[in-house]
Amino acid sequence: MDLTRLCMRMLSRVSRTHAIKCFRRHQHVSLPQHAKAVPPKIYDLITAHRNSQVLMAACDLKIFDELEKNRGRPMTAEDVAKRLDLDPDATEKLLNVLAGMELLKKHWDIVGTGLFANTQESRQCFLTKNKQNVTNYVMEELNTGVPAFNMIKETLQSGGRLKQPDENDEETHGFIQSNNSPELEFPITEAKNALAEALAPNLVSAFELEKHNTCIIIGDCSSIAVEMCHTYPHMNTTFFAINEAASEYSLENKIPDNLVIQSIDVMNDSIPSCDLLVLSHVIRELDEENTRNVLTKCASALKEGGTLQILEKMINDKKDGPLLTLTTDLLLFMLKGSHSYSFDDFRKLLKPHGFSNVQCKIMVDDPFYDILIAEKKH
């Protein structure tokens, strides 16, 4: 055996021996139940913002992308810091947190230096080269959700949406600008469409829609319209994009022959006649008065016996879950004065507009959509 291999084997043996000794020295002791003054979940809730801020910083700095550039080989914190022009000590602490959150794998070399690599989960979700990555969602939360929830007290005191600041007000101008940032709008639309593309087959086939011949889909995800065309090729489908980014994204991508792309101002434009009308993340963007106005337009556009389909995540009838939908409901109220609805809310909302036979399917593992359909009375 050559000298190099012998040295490596000895160092490896020393490293294992050291690990065993450390394990024996550091014993984990659980407190008895009566000694736990505060339940651990309370501490988790108090400090939950720390984890999300770490993740947001990692995505903003493209740390997951940088680790992957090393062809999947683990990197030291010093190497990562050097590549991204960061402080090495602070970088190591951030990487340790990401490893603790199980978003990075941590190993040690033979001299005890920490080595970091992406997990399979972080590769799937945070590498910007992956079509279905959620990095843009993380950045939207950083630029919109975090500032909004920092002002939650103001909303509770005023009972209304967050105030529009003066253009010259430096303290609040950045917050409002981030909500409407053109730089963010297209990437967010791109991310929504990539995720909706994976979910679309379940969304369009959850209810039998074969009987319909003309379909209008209003929303920000043309992926759903594309899937509708593939599933029901006999159907003439028009996708009305509710914002410029949705329209731009749709036109940049290959679309089926039986799909037409147009833009719409849902508050001011009329909706053409059809026998299937799909609203995808539209109602939740509107306050109560505008919701009623849009539903009146929908009822006028639908032929007798036609179907209205609403694609939105619903709050349960007790209004105590799902938690993500509840926090989204609060965020929508702060930003737009709008709401998320329960199935029972929707039934009551639709009845005055001439809709009946309201049904829904709750998509348990889908964080963005549930499916509700209603029939326009004959």
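What you are looking at is a predicted structure, and each value in this text was computed from that prediction instead of being measured.

J.: Sorry, what's going on with the sheet that holds strand β4 (residues 236-241) here?
T.: Pairing between the strands of a sheet comes from backbone hydrogen bonds, and it takes one of two forms, parallel or antiparallel. Pairing is mixed in the open sheet, where seven strands are placed in the order β5-β4-β3-β6-β7-β9-β8. Two strands in the sheet have a free side with no partner beyond their single neighbour: β5 (259-263) and β8 (355-361). Recorded for the sheet is a direction-independent mean angle of 20° between the axes of neighbouring strands. Inspection of the sheet shows strand β3 (residues 214-219) paired to strand β6 (residues 274-280) by four bridges, in the parallel sense. Residue Ile-217 lies in a different strand from β6, and its bridge partner there is Val-278. Across the face of the sheet, helix α12 (residues 222-231) comes into contact with β3, β4, β5, β6 and β7 (302-312) while running at roughly 180° to β4.

J.: Looking at this structure, how should I read the nonpolar core?
T.: Burial of nonpolar side chains together is a common tendency in soluble globular proteins. One finds Ile-224, Met-228 and Tyr-369 to be the most contacted residues of the largest nonpolar core, which totals 30 residues. Mapped onto this core, the elements with two or more residues apiece are α11 (182-205), β3, α12, β4, β5, β6 and β9 (370-376). Excluding residues within four positions of it along the chain, Ile-224 makes contact with Ala-196, Ala-200, Leu-203, Val-204, Ile-217, Ser-280, Leu-311 and Tyr-369. In terms of nonpolar packing, the next biggest core, distinct from the first, is built from 29 residues, Val-282, Ile-283, Ala-301 and Leu-302 among them.

J.: What exactly am I supposed to notice about the pairing of strand β2 (residues 114-118) here?
T.: One face of the sheet, then the other: side chains in a regular strand alternate in exactly this way. Among the five residues in β2, five count as buried, and that is most of the element. Here β2 shows two buried faces, one formed by Gly-114, Phe-116 and Asn-118 and the other by Leu-115 and Ala-117. With five bridges joining them, strand β1 (residues 104-108) and β2 adopt antiparallel strand pairing. By the bridge assignment, Leu-104 is partnered in β2 with Asn-118. In this antiparallel pair of consecutive strands, β1 and β2, the connection spans five residues, and Gly-112 shows a positive phi of 90°.

About the thresholds
- Residues numbered from 1 in each chain as written.
- Predicted model: local features only at pLDDT ≥ 70, side-chain atom pairs only at ≥ 80, totals over all residues.
- Heavy atoms only, no water.
- Pairing = 2+ DSSP bridges.
- Helix = DSSP H or I, 4+ residues; strand = E, 2+ residues; numbered from the N terminus.
- Axes fitted to C-alpha atoms, helices over the stretch in contact; angles between N-to-C directions.
- Contact = heavy atoms within 4.5 Å.
- Core = buried A, V, L, I, M, F, W, Y, C linked by side-chain atoms within 4.5 Å.
- Buried < 20%, exposed > 50% of the residue type's maximum accessible area, 1.4 Å probe, protein only.

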